[in-house]
Amino acid sequence: MSWAAHELESYVLQKHIKTKVSFLAILLGCFWPDMISKGTVYGFDAFGFSFHPENPDLYHRGWPGVGFTHSLLYGVVISLIVLWVFKSRAWALGLLIGHWAHVFTDICDSVGVMLFFPFSTQNYSIGMWAYAAQQGRYGDASAYYSSLGGVWDLFWLGMVLLSWKVLTRNYFFTKVVPDDPVWPWFKRRLKMSEVLMLALYRAYFLYGACRIFAWFFWSRFVDKAPLDLSWGGPYWVEKVHAKYPPIGELLLRSTLGAAGLAASMWVLWMVVGRRLWARAEKHEKARALANARRDAQVPRQKSGRDMAGAKGQ
C-alpha cells in the first residue's frame, strides 16, 4: 500500500489528461479503495466492539474480504453509479482514473491486488516493497519508509514539483475550477472565498509532502528502523507475498480474468454506460445554458439598480 502517493498522483494525472475531468474526483478516486479497507485493516476497538483481522493481507486485498475494492471493475461500477446519480461526466471519468491509478500503484507491494475480480481472485504484484499491514499501523509506516515504498512516494513528490504550475493560482482558476461544477457550487452555496478554495486545493499536496517527511524521520530517529532499499525490502519485515499457481494455471486464470473484465465492461457500456453518458452531456449543456442566462441577468439587475439610484439623486 502507498502512504502518500495517492494524495500526490492526483495533481499529475489531472495535468496530463487532455479532456475535461474533475480534480476532486481524481483525488477521491485515489482515496476510494482504502476508504473502506485501510481504516480497518489494522483493527480497532470501539463501543465495546473489537475488530482485528486475523490475516490483514487477505482481508485488505483478497477474497473473502474487501479486496474487491482494489479491482478494476469496482472502479467502473462506482463511476457508472456516479454518472447515473449526478449526471457529471467530469466526475465519473475522474473517479475512474483515480481509482485505477490507486489499483495499479498497489500492485507494487508484495501482496498486490485482484485486478480481474470477480472473474479471478488471483493477486498480481511486482513485489517492489514488503506489504506490512500485519505489523500494525506504526510498524507498517516504519517498514514502508524504510524501503522502496518511501522512494515511490518521493518519486510522486518530485513529479508534482516538476509540474509546479499545477499549484499556481492561475492554473487553479483557469483549468481546475472550470472543469468541475463543484468549485462554483462551493463558492455559490457555501460562500467559500477564492482564497479558501485555493488553500483547499493545495492542502492535499501539503498533506502528502508533510506525511512523507514526518513518517520518514519518525522511522529513522524514533523507531530507529534499519533502512533497506533492496527490492522487496525491508529485510526485517515478516514477508507476505501474493501466491502464484504454476505458470500454466496462472496464464489460464489471467486470460479468463482479462476476458471476463473486458466483456463485462463492454456490456456495461453498451447497456447503460453510453446512455448515461449521453444523458449527462445533455444535462451539462442545459446547466451551462442556464448558468449563462443567470450570469447575463446579474449585470442587468445591477445596471437597473444603478439607474434607479441615479434618478433618485
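Residues numbered from 1 in each chain as written. Predicted model: local features only at pLDDT ≥ 70, side-chain atom pairs only at ≥ 80, totals over all residues. Heavy atoms only, no water.

Q: Where do I start with the packing of aromatic side chains in this structure?
A: For any two aromatic rings, the description comes down to two numbers: the centre-to-centre distance and the angle of the planes. Counted under the stated rule, the structure contains 29 aromatic pairs. Note on Trp 129 and Tyr 144: the rings are 5.4 Å apart at their centroids and 85 degrees apart in plane angle, and the pair reads as edge-to-face. Taken together, the residues Trp 129 in the loop between α5 (89-106) and α6 (136-144) and Tyr 144 in helix α6 connect sequence positions 15 residues apart. We note that Trp 129, like Tyr 144, is buried. Geometrically, the ring pair formed by Trp 183 and Phe 186 is edge-to-face, given 5.7 Å between the ring centres and 85 degrees between the ring planes. Here the residue Trp 183 and the residue Phe 186 both occupy positions in helix α9 (residues 182-189), the gap between them amounting to three residues, near one helical turn. With a relative accessible area of 16%, Phe 186 lands in the buried category. The residue whose ring lies beneath Arg 220 is Phe 216, and the NZ or CZ to ring-centre distance is 5.0 Å. (Phe/Tyr/Trp six-rings, centres within 6.5 Å; stacked < 30°, edge-to-face > 60°. Helix = DSSP H or I, 4+ residues; strand = E, 2+ residues; numbered from the N terminus. Buried < 20%, exposed > 50% of the residue type's maximum accessible area, 1.4 Å probe, protein only. Lys NZ or Arg CZ within 6 Å of the ring centre and 35° of its normal.)

Q: What am I meant to see in the state of the cysteines here?
A: The full count for this structure, using the stated rule, is zero disulfides. Here Cys 30 stays free of any disulfide, with the sulfur of Cys 108 as its closest cysteine sulfur at 14 Å. By relative accessible area, which is 0% here, Cys 30 ends up buried. (Disulfide = S-S within 2.5 Å.)

Q: Can you walk me through the packing of α9 against helix α10 (residues 194-222) in this structure?
A: Two measures define how a pair of helices packs: the angle their axes make with one another and the distance between the axes. For the pair α9 and α10, the least separation of the axes is 10 Å and the interaxial angle reads 140 degrees. With respect to their mutual orientation, α9 and α10 come out oblique. α9 and α10 meet at a crossing whose hand is right-handed. In this structure, α9 contributes Trp 183, Phe 186 and Lys 187 to the contact, and α10 contributes Glu 194, Met 197, Leu 200 and Tyr 201. (Axes fitted to C-alpha atoms, helices over the stretch in contact; angles between N-to-C directions. Parallel < 35°, antiparallel > 145°, perpendicular 65-115°, else oblique. Left-handed = near helix turned anticlockwise from the far one by under 90°. Contact = heavy atoms within 4.5 Å.)

Q: Honestly, the packing of helix α1 (residues 5-16) against α5 in this entry has me stumped. Any pointers?
A: Interaxial distance between α1 and α5 falls to 10 Å at its minimum, and their mutual angle equals 125 degrees. In terms of their interaxial angle, α1 and α5 are classed as oblique. Handedness of the α1/α5 crossing: right-handed. Across from His 6, Glu 9 and Leu 13 in α1, the residues of α5 making contact are Ile 97, Ala 101, His 102, Thr 105 and Asp 106. Class assignment for the residues of the contact of α1 with α5 results in three nonpolar, three polar and two charged. (Nonpolar A, V, L, I, M, F, W, Y, C, P; charged D, E, K, R; others polar.)

Q: Would you take a moment to explain unusual backbone geometry for this structure?
A: Residues other than glycine predominantly adopt negative phi, and peptide bonds predominantly adopt the trans conformation. The residue after Trp 63, namely Pro 64, is reached through a cis peptide bond having omega 5 degrees. Considering the arrangement of structural elements, one finds Pro 64 in the loop between α3 (56-61) and α4 (72-86). Here the residue pair Phe 117 and Pro 118 is connected by a cis peptide bond, since its omega of 10 degrees sits within 30 degrees of zero. Here Pro 118 is to be found in the loop between α5 and α6. One non-glycine residue, Phe 47, lies in positive phi territory at about 55 degrees. Here Phe 47 shows up in the loop between β1 (44-46) and β2 (49-51).

Everything listed here is a matter of geometry and, on its own, says nothing about what the molecule does.
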